[in-house]
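Survey of secondary and tertiary structure
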Amino acid sequence: MKESWQYSYLINGDDYIEELYELFLRDPESVSKDWQKYFQSLGIETVSHEQIREEFIALAKQKNNAVMVSSNVGLESDIAYLYRTRGHVHAKLDPLNLALPRVDAVLPDDKKLQEIYCGSIGAEYMHITNQTEVQWIQDRLENPANRQPLTLEKQKRILACLTAADGLEKYLGTKYVGQKRFSLEGGDSLIPLLDEIVQRSATQSVKEIVIGMAHRGRLNVLMNILGKAPKDLFDEFEGKADNHGRTGDVKYHMGFSSDIKTLAGSLHLALAFNPSHLEIVSPVTIGSVRARQKRYGLEKRQEILGIQIHGDAAFAGQGVVMETFALSQTRGFGTGGTIHIVVNNQVGFTTDPRDARSSYYCTDIAKMVEAPIFHVNGDDPEAVFFVAQLAIDYRMKFAKDIVIDLICYRRHGHNESDEPAATQPVMYQVIKQHATPREIYADKLIQLGKIKKEDADYLITNYRDSLDQGKNPLPEVISQHINQQGEDWTPYLDKSFDLKSNTAVKIDVLKKLATEINTIPSGMTLQPQVAKTNEDNKKMAKGEIPMNWGFAENLAYATLLNDGYNVRMSGQDCGRGTFAHRHAVLHDFQNGNIYVPLEHVSQKATFSIFDSILSEEAVVAFEYGYATNTPSTLVLWEAQFGDFVNGSQVVIDQFISSGEQKWGRLSGLVMLLPHGQEGMGPEHSSARLERFLQSCAQDNMQVCMPSTPAQLFHMLRRQMVRPVRKPLIVMTPKSLLRHKLVTSTLEDLSQGFFQKIIPESDPLKTADITRVIFCTGKVYYTLLEARRAQKINSIALVRVEELYPFPKEDIKKLLSENYANIKDIVWCQEEPKNQGAWTYLKGKFKKLLNPTQVLRYVGPLSAAAPALGSNKLHVAQQQQIITDALQGNAK
């Protein structure tokens, strides 16, 4: 090794040589010529890290324990590399100076690099493999031209934002003593951070911003960023808010939207409604962003920006954060980059960071998508301002996620009734003595002679007076905002499920569309089984053979597209369908080229289908967010198996089943859940029908179990044709997809409609009937085949196709007109007694029976698991159900 030394410095040799060697292996040109020659001389094929480290340490000892790095062509790059990779560890990030010290390399003295990388900003970006991005970030951080001092005008705006943030919290704390508000105090710099993102994004053609965030600081963002009227917020504190007959929600969960004036024109802001489940709003927000981008045209994707505001403990602890990052660069779910802001209070409720995560930073999870991460001291608002500019510029240039870790503190407890000193006594002794961000920044500007003390005091008085007078303190808000690009939901408000809808389609249109979606490009070769399906579909289109489930489903989408409705579907295997029934996406068997016939049906509507990542929670949340922003699109999510929907239970509970009652948010999301006892074990049998039914009330959603292809066709069309937008939960079949009895005809589609119940289909004589069995789903066909085989003519089978809303009038009419004298009424199901529909239906059924009639249950006994694990036992159980139902036994 050459010894053309000019500088020497102490450094941990192990860490330094390890990183330098790794850099050399990745790109030899990234280290100095001297290091290149040194590593090459060792023989890279045989040398180990340990050998290099030993030689390096020995060399350091020879130089009086000082490691010396070449200064010729390599010194600058070697030192800079150290700062770029490790500078963030030495940065002054904690406003309280309480962060645990981290053992790390001692960096060489370099005032310029220390100022850039070890000040109030800790930059992590060297994990990014795209060198164009790395060079861009380096230039923004290191080029003096990109780090000019702020103008006095911008400094005054920052102070005004901090004053507003501090002023609102103090005002609410005084006026509504002890009420929960989840104060922003300590994280006040969030307001100037968001303000600059809004203002700067408008200059870069952003037209809409959608924000998702939990409770902390939400009221502050509502008022000081989105311009919510003070009176509206105060009414919520005083219990005067009008929920329009709904249950409503607490004030720090509510959403809001507004138009804001900027120097580049008006910009629409939307804050998503959010439950208490913290990070679950993250995928909902990006789903909303994607839907808005689709409305603008995906080629203009950058015009709609998503911002996610997280807490530090939740960002590290909630798995849906990882799932949302995993979606960010996929074809069906990408939004051109999200700006993530972590309001890092350095404590989770009462949990110390050492117990809240295993990683050093709460933001480490973002490295999975190579997102740059900028840690910034919340007490340095000018550094925060700089990072805000860098974040929006990066997103607009590279269309990728970026993370801002706003390291601050929480002045009060988790909520205002908490006593935080009980669990964090040292931290809160420091906080009690610590000046607010507004005080620190005002004093700085006063000392620099930029403003006078009375100027800073006037901002405080003026803001408080605005609140006292009920004036909106945000001058940029446009009071009567109308989002010109928004969807009109008026036609769907307060509509009844009983609205009639014509779902039938003329037979010539059906034949034309069926032919189109089953015609493939010339020269395309299909896999043999797929080719057989395609040939069968052609015969179905001509009416030569009865249609099956997959044919009717694809034809439903084709007719909706033809009517001008968009269709979007996602799920882990939805292109083919888990059970290979759909084949909406065709793959050329020779070259792998893809053809999607439904994409070519209409010029006025689009069909999109995406096999998703292996996630339920994030994908269902995404599709819910998407559906809440586009009533003209049929949005569907299909579970790989119905059981897997329990991975998205939070979304079902917090959004799908309750979103309308809490927030007045409508959604037409369709969930397709394969369901049925097929002997496939506990985890591949039940979509937990009982859980959905238990959540049904106030016309919040629909739960259906269609039993024929025609029923599926009319049900899917009804979801769009009828001016009602409510979630639709569908228990779809597995073995019935190709069952010989589960067929329909083109006439069923051209003349029919969705039947809430299907009465007896065989030509039985009413006078001979002694028992009526009500059932739903696959068990109907099991009973039907057994009844026919045993030539039983005294038992009528009635299918309940729509479980909620409960078809009370239809069942009442059937019983009174056809079976008023039948005493033996049975509900039969294949799910355990404590599961399925029985516990939900039994009370409703009994109210419809006359005094002479008795309702009995036939099916398996109650069980902890949803199905048996042995196919042999399953077959025996199914046989017992048939015997009990047809022979009159009951449990």
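Above this text is the structure in question.
Here is a short report on the structure shown in this document.

Further remarks concern the nonpolar core. Core analysis: the biggest nonpolar cluster contains 88 residues, and Leu-141, Leu-190, Ile-307, Ile-339 and Ile-341 have the highest contact counts within it. It is helix α15 (residues 381-398) that provides the largest number of residues to this core, a total of 11 residues. In contact with Ile-341, other than residues within four places in its own chain, are Leu-190, Leu-193, Leu-194, Ile-197, Ile-307, Gln-308, Ile-309, His-310 and Ile-404. Among the nonpolar cores identified, the runner-up in size contains 67 residues, and Ile-517, Phe-551, Met-720 and Ile-882 belong to it.

Turning our attention to the sheet that holds strand β18 (residues 702-704). Read from one edge of the open sheet, 7 strands run β15-β12-β16-β17-β19-β18-β23, paired in mixed fashion. Of all the strands in the sheet, the pair left with one neighbour each is β15 (607-611) and β23 (802-804). For this sheet, the mean inter-axis angle between neighbouring strands, taken without regard to orientation, is 20°. For strand β12 (residues 566-571) and β15, the ladder comprises 5 bridges, and the chain directions are parallel. Paired with Val-567 across the two strands is Phe-607, which belongs to β15. Set on the sheet, helix α21 (residues 549-562) makes contact with β12, β15, β16 (633-638) and β17 (670-674); between it and β12 the angle comes to about 145°.

Turning to the side chain of Ser-183, a few remarks are in order. Examined against the element boundaries, Ser-183 turns out to sit in the loop between α7 (152-175) and α8 (190-202). Leave out the neighbours within four places in its chain, and Ser-183 touches Glu-169, Arg-216, Gly-217, His-412 and Glu-416.

Take the side chain of Lys-726 next. Looking at the secondary structure, you find Lys-726 in the loop between α26 (709-721) and β19 (728-732). Residue contacts for Lys-726: discarding those within four places in its chain leaves Phe-497, Glu-660, Ser-667, Gly-668, Leu-669, Asp-699, Asn-700, Met-701, Gln-702 and Gln-719.

Attention now moves to unusual backbone geometry. Tyr-804 connects to Pro-805 through a cis peptide bond whose omega is -5°. Among the structural elements, Pro-805 can be located in the loop between β23 and α29 (808-818). Positive phi, normally seen in glycine, also occurs at Gln-698, with a value near 55°. Positive phi outside glycine occurs at Lys-791, with the angle close to 55°. In this fold, Lys-791 is placed in the loop between α28 (778-789) and β22 (795-800).

All right, on to the environment of Arg-725 then. With respect to the secondary-structure elements, Arg-725 resides in the loop between α26 and β19. It is 9.7 Å that separates the C-alpha atoms of Arg-725 and Pro-491, two residues lying 234 residues apart in sequence. A polar side-chain atom of Arg-725 sits 2.9 Å from the main-chain carbonyl oxygen of Pro-631.

Turning to the pattern of salt bridges, a few remarks are in order. Overall, the coordinates contain 36 salt bridges when judged by the stated rule. Its salt-bridge partner being Arg-140, residue Asp-393 comes within 2.9 Å of it at the nearest N-O pair. Taken together, the residues span a long stretch of sequence, with Asp-393 in helix α15 and Arg-140 in helix α6 (residues 131-142) at a distance of 253 residues. Arg-140 shares its class with Asp-393; the two are buried. Across the pair Asp-762 and Arg-787 runs a salt bridge, and its minimum N-O distance is 2.8 Å. Of this pair, Asp-762 sits in the loop between β20 (757-758) and β21 (771-775) while Arg-787 sits in helix α28, placing them 25 residues apart in sequence.

With mixed pairing, the 9 strands of this open sheet are ordered in space as β3-β9-β10-β8-β7-β4-β6-β5-β11. The open sheet has two edge strands, β3 (121-124) and β11 (477-478), and neither has a second partner. In this sheet, strand β6 (residues 265-271) lies alongside strand β4 (residues 208-213) in parallel orientation, the contact comprising 4 bridges. Residue pairing across strands places Val-210 opposite Ala-270, the latter belonging to β6.

Attention now goes to the packing of α7 against helix α18 (residues 453-468). The geometry of α7 relative to α18 is characterised by a closest axis approach of 9 Å and an angle of 50° between their N-to-C directions. As summarised for this structure, α7 and α18 are arranged oblique, according to the angle between their axes. In this structure, α7 meets α18 at a crossing whose hand is right-handed. Contacts from Leu-159, Ala-160, Thr-163, Ala-164, Gly-167, Leu-168 and Tyr-171 in α7 reach Ala-456, Leu-459, Ile-460, Tyr-463, Arg-464, Leu-467 and Asp-468 in α18. In terms of residue class, the contact of α7 with α18 is built from 10 nonpolar, 2 polar and 2 charged.

So, on to the state of the cysteines. For the structure on display, the rule yields 0 disulfides. Looking at the unpaired Cys-704, the closest cysteine sulfur is the one in Cys-696, lying at 9.8 Å. Note on Cys-704: relative accessible area 0%, which makes it buried. The cysteine Cys-828 is free of any disulfide, with Cys-775 supplying the nearest cysteine sulfur at 6.4 Å.

Before going further, it helps to examine the pairing of β12. Within a regular beta strand, the side chains point alternately toward one face of the sheet and then the other, so they alternate between its two faces. In terms of burial, β12 is largely enclosed, as 6 of its 6 residues are buried. Burial along β12 is two-sided: the residues Asn-566, Arg-568 and Ser-570 and Val-567, Met-569 and Gly-571 are all buried. Relative to β16, β12 runs parallel, the two being bridged by 6 bridges. Residue pairing for β16: Gly-571 is matched across the bridge by Glu-638.

For the rest of this paragraph, the subject is the packing of aromatic side chains. Within this structure, the stated rule accounts for 24 aromatic pairs. Judged by centre distance (5.2 Å) and plane angle (50°), the ring pair of Tyr-624 and Phe-655 falls under tilted. Of the two residues, Tyr-624 is situated in helix α22 (residues 617-627) and Phe-655 in helix α23 (residues 649-656); the sequence distance between them amounts to 31 residues. The residues Tyr-624 and Phe-655 share a single accessibility class, namely buried. By the ring-pair criterion, three or more aromatic residues cluster together here, those being Tyr-171, Tyr-176, Phe-234 and Phe-237. Taking NZ or CZ as reference, Arg-147 lies 4.5 Å from the ring centre of Phe-386, over its face. Over the ring of Phe-234 we find Lys-175; its NZ or CZ atom is 4.4 Å from the centre of that ring.

Conventions used here
Residues numbered from 1 in each chain as written. Predicted model: local features only at pLDDT ≥ 70, side-chain atom pairs only at ≥ 80, totals over all residues. Heavy atoms only, no water. Core = buried A, V, L, I, M, F, W, Y, C linked by side-chain atoms within 4.5 Å. Buried < 20%, exposed > 50% of the residue type's maximum accessible area, 1.4 Å probe, protein only. Helix = DSSP H or I, 4+ residues; strand = E, 2+ residues; numbered from the N terminus. Contact = heavy atoms within 4.5 Å. Pairing = 2+ DSSP bridges. Axes fitted to C-alpha atoms, helices over the stretch in contact; angles between N-to-C directions. Polar contact = N/O pair within 3.5 Å; in protein donor to acceptor, adjacent residues only side chain to side chain. Salt bridge = Lys/Arg side-chain N within 4 Å of Asp/Glu carboxyl O. Parallel < 35°, antiparallel > 145°, perpendicular 65-115°, else oblique. Left-handed = near helix turned anticlockwise from the far one by under 90°. Nonpolar A, V, L, I, M, F, W, Y, C, P; charged D, E, K, R; others polar. Disulfide = S-S within 2.5 Å. Phe/Tyr/Trp six-rings, centres within 6.5 Å; stacked < 30°, edge-to-face > 60°. Lys NZ or Arg CZ within 6 Å of the ring centre and 35° of its normal.

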